[in-house]
Structures are given as structure tokens and as C-alpha cells.
Amino acid sequence: QVQLVESGGGLVQAGGSLRVSCAASGRTFSRYAMAWFRQAPGKEREFVAAITWSGGNRYYADSVKGRFTISRDNAKNTVYLQMNSLKPEDTAVYYCAASRGVVTFEEYEYDYWGQGTQVTVSS
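What you are looking at is a predicted structure, and each value in this text was computed from that prediction instead of being measured.

Trainee: Which parts of the structure should I look at to understand the nonpolar core?
Mentor: Note on soluble globular proteins: their nonpolar side chains tend to be buried together. Formed by 36 residues in total, the largest nonpolar core has its most connected members in Leu4, Met34, Trp36, Leu81, Met83 and Tyr94. Every element with two or more residues in this core is listed here: strand E3 (18-24), strand E4 (33-39), strand E5 (46-51), strand E7 (68-73), strand E8 (78-83), strand E9 (92-99) and strand E11 (117-122). When neighbours within four sequence positions are excluded, Tyr94 is seen to be in contact with Glu6, Trp36, Phe37, Arg38, Val48, Phe68, Leu81, Met83, Gly116, Thr117 and Val119.

Trainee: So what exactly am I meant to see when it comes to the pairing of strand E1 (residues 4-7) here?
Mentor: Looking along a regular strand, one sees the side chains alternate between the two faces of the sheet. What you see with E1 is a clean split: Leu4 and Glu6 sit on the buried side and Val5 and Ser7 on the side with no burial. As paired elements, E1 and E3 share four bridges and run antiparallel to each other. The partner of Ser7 across the bridge, within E3, is Ser21.

Trainee: What exactly am I supposed to notice about the environment of Arg38 here?
Mentor: As for its placement among the helices and strands, Arg38 is situated in strand E4. By relative accessible area, Arg38 is classed as buried at 5%. A sequence separation of 27 residues divides Arg38 from Leu11, and the C-alpha atoms of the two residues are 16 Å apart. Among all residues touching Arg38, those that are not within four sequence positions of it are Glu44, Arg45, Glu46, Val48, Ser63, Val64, Phe68, Glu89, Asp90, Ala92, Val93 and Tyr94. Of note is the side chain of Arg38, whose polar atom sits 2.9 Å from the side chain of Asp90. There is a polar contact of 3.0 Å between the side chain of Arg38 and the side chain of Tyr94.

Trainee: When you look at the side chain of Thr117 in this model, what are you seeing that I'm missing?
Mentor: Its place among the elements puts Thr117 in strand E11. Side-chain polar atoms of Thr117 contact the backbone nitrogen of Gly9, separated by 3.2 Å. If near-sequence neighbours (up to four positions away) are discounted, Thr117 is found in contact with Glu6, Ser7, Gly8, Gly9, Val20, Ala92, Val93 and Tyr94.

Trainee: Looking at this model, I keep getting lost on the environment of Gln115. Mind explaining?
Mentor: One can find Gln115 in the loop between strand E10 (112-113) and E11. Sequence separation of Gln115 and Val12 is 103 residues, and the distance between their C-alpha atoms is 21 Å. Excluding residues within four positions of it along the chain, Gln115 makes contact with Leu4, Val5, Glu6 and Tyr95.

Trainee: Just checking my understanding: could you explain the side chain of Thr78 for this structure?
Mentor: Its location among the elements puts Thr78 in strand E8. Looking at Thr78, its side chain comes within polar contact range of the main-chain oxygen of Lys76, at 2.8 Å. When neighbours within four sequence positions are excluded, Thr78 is seen to be in contact with Ser21, Cys22, Ala23, Phe29, Ser71, Arg72 and Asp73.

Trainee: Got a minute to help me understand the sheet that holds E1 in this structure?
Mentor: Pairing in this open sheet of four strands is antiparallel, and the strands run E1-E3-E8-E7 from one edge to the other. The strands lining the two open edges of the sheet, one partner per strand, are E1 and E7. Pairwise comparison of adjacent strand axes, ignoring direction, gives a mean angle of 15° for this sheet.

Trainee: I would appreciate a short explanation of the packing of aromatic side chains in the present structure.
Mentor: Each aromatic ring pair is characterised by the separation of its centres together with the angle its planes make. A full pass over the atoms with the stated rule returns seven aromatic pairs. Ring centres of Tyr59 and Phe105 lie 6.1 Å apart, and the angle between their planes is 65°; this geometry places the pair in the edge-to-face category. Placement of Tyr59 in strand E6 (residues 58-60) and of Phe105 in the loop between E9 and E10 is noted, with a sequence separation of 46 residues between them. Residue class for Tyr59 comes out partly exposed when judged on its relative accessible area of 30%. Taken together, the ring pairs connect Phe37, Phe47, Tyr59, Phe105, Tyr110 and Trp113 into an aromatic cluster. Positioned above the aromatic ring of Phe29, the side-chain terminus of Arg72 is 4.5 Å from the ring centre.

Definitions and limits used
- Residues numbered from 1 in each chain as written.
- Predicted model: local features only at pLDDT ≥ 70, side-chain atom pairs only at ≥ 80, totals over all residues.
- Heavy atoms only, no water.
- Core = buried A, V, L, I, M, F, W, Y, C linked by side-chain atoms within 4.5 Å.
- Buried < 20%, exposed > 50% of the residue type's maximum accessible area, 1.4 Å probe, protein only.
- Helix = DSSP H or I, 4+ residues; strand = E, 2+ residues; numbered from the N terminus.
- Contact = heavy atoms within 4.5 Å.
- Pairing = 2+ DSSP bridges.
- Polar contact = N/O pair within 3.5 Å; in protein donor to acceptor, adjacent residues only side chain to side chain.
- Axes fitted to C-alpha atoms, helices over the stretch in contact; angles between N-to-C directions.
- Phe/Tyr/Trp six-rings, centres within 6.5 Å; stacked < 30°, edge-to-face > 60°.
- Lys NZ or Arg CZ within 6 Å of the ring centre and 35° of its normal.

Structure below.
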């Protein structure tokens, strides 16, 4: 069992930066692929970024590539999403998720989810 708690969301102006974090409970965090998804008002949840258990491979949605960076610190049981050059369309609730299997873009493949953290980008 893994519990995930996101933090670090907030209000930022367009062009600004924000880092959200996801702290995981449990001693097996390093065995999980981790991902960030987001859900904007009135829209379906979408994939943002993912990272393998070792951190050796990272994957991004086209919409955030070059602006967002996913990373993890297995010693701290934490995964991060550094968001730069933020745009109003990045406004959403950001969720972290953990997968016992391989890293994937599909949300149904993820076994554990956090409660989400709100990110609002003003124009």
C-alpha cells in the first residue's frame, strides 16, 4: 500500500515557475514508476509526465515538453514536477500517481493516487 500526498500548488502569473511535490509513504517507493496527471475544469484528466523507478527515463506530454521536468528522490520518497514558463492553460488540479508496473501514459495502469493540488496560472 502506498499513500501519496501532493503539495506546492498555488497561484502564479503566466511565465512564472512552480514546483509541486508528492510525498509517498511506504518503504517500497523506489519500486514504483511515478507520474503526474492533471485535470482542468470541465476536461478529462490527462497525462503530464512520468518517470521510471530509477529515474533513468522520463516521459512528457507534448504540451509540457521543454517546460516541465519530473524528478524523484527515492531516499526522500518524493517525486517532483518543476513547472517553468507556465501558461494559463496549465491551470488544473495536479495529481501524482504510482504504478507497480512499467511506466505508462494510461491512468488506468496506475495503482495509487494522491488527492491533488491546485495550480492556477493567471494571465
